[in-house]
Amino acid sequence: NIITKSGGNQFRGSGFYFFRNQRFDSKAFFANSKPLNHLNNFGGSIGGPLRTNRTFFFADYEMGRIRKDRPFNITVPTVKMRNGDFSEQSGVIYDPTTTPRTPFPGNIIPRNRMDPIAAKLINAYPDPTRAGLAGNYSYNGPEWQHNQTTDFRVDHRLSNSDTIFARYSYNLTNGRTPSQCPAT
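A quick note: this is a predicted structure, and the numbers were derived from the prediction, not measured. (Residues numbered from 1 in each chain as written. Predicted model: local features only at pLDDT ≥ 70, side-chain atom pairs only at ≥ 80, totals over all residues. Heavy atoms only, no water.)

J.: Would you explain the environment of Met81 in this entry?
T.: With respect to the element layout, Met81 can be found in helix H1 (residues 79–82). Judged by relative accessible area, which is 9%, Met81 ranks as buried. With 70 residues separating them along the chain, Met81 and Asp151 place their C-alpha atoms 57 Å apart. Those residues within four positions of Met81 in sequence are excluded, and the remaining contacts are Phe86, Glu88, Gln89, Ile122 and Leu133. (Helix = DSSP H or I, 4+ residues; strand = E, 2+ residues; numbered from the N terminus. Buried < 20%, exposed > 50% of the residue type's maximum accessible area, 1.4 Å probe, protein only. Contact = heavy atoms within 4.5 Å.)

What follows is the structure in structure tokens.
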């Protein structure tokens, strides 16, 4: 639903500006540092007569700009896991080529037994930024969004009981949402 105002016999307008940034915020619980957080929202409106008591206009414009860092906390393979050493895990890693299934000694897969595709894929993950097997990587991903909105309306009074109006509205939104796991 959209509701737009009609102009009147007097010229009237308004303007606004709202801003916010990280200086006024606290650090998010999982963030390593206080993330960037810039919000700028501004605009205005004007209305008035085109022809007194008959034809009126109303126009508004709003621009919003958001630039911020979104904190992420995810799990990535540890340095030992990248080299085939899964001794940090409590589960047993079995050799898939043996019957009956035989565990790899010490849960360590020899380098010459690692699949070359898996070895390349594991390098797509970033190195851990903190210790542990879970939640061992955190970073602030850059995010931005720009919004522009404008409306223009013309009202015409045909008689005391009949009016018509035309309205044009425009809305444009562009932005970027960061990945939970950045490319390395």
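J.: Mind showing me how you'd approach the pairing of strand E2 (residues 37–51) here?
T.: In regular strands, side chains alternate between the two faces of the sheet. Sheet topology places strand E1 (residues 12–20) next to E2; nine bridges connect them, and they run antiparallel. Note on E2: the bridge partner recorded for Gly15 is Gly44. As paired elements, E2 and strand E3 (residues 55–74) share 14 bridges and run antiparallel to each other. Bridging from a neighbouring strand, Asn37 pairs with Lys68 of E3. What sits between the antiparallel neighbours E2 and E3 is a turn of three residues, in which Asn53 has the positive phi angle 60°. (Pairing = 2+ DSSP bridges.)

J.: Help me out: how do you make sense of the sheet that holds E1 in this one?
T.: To summarise the sheet geometry, strands pair through backbone hydrogen bonds and adopt either a parallel or an antiparallel arrangement. Overall, antiparallel pairing links the five strands, which are arranged E1-E2-E3-E6-E7 in an open sheet. Each edge of the open sheet carries a strand with a single partner, namely E1 and strand E7 (163–176). Going from strand to strand, the sheet's axes swing by 10° on average, the running direction of each strand aside. Bridge count for E3 against strand E6 (residues 137–157) is 20 bridges, and the pairing is antiparallel. Paired with Phe72 across the strands is Tyr139, a residue of E6. (Axes fitted to C-alpha atoms, helices over the stretch in contact; angles between N-to-C directions.)

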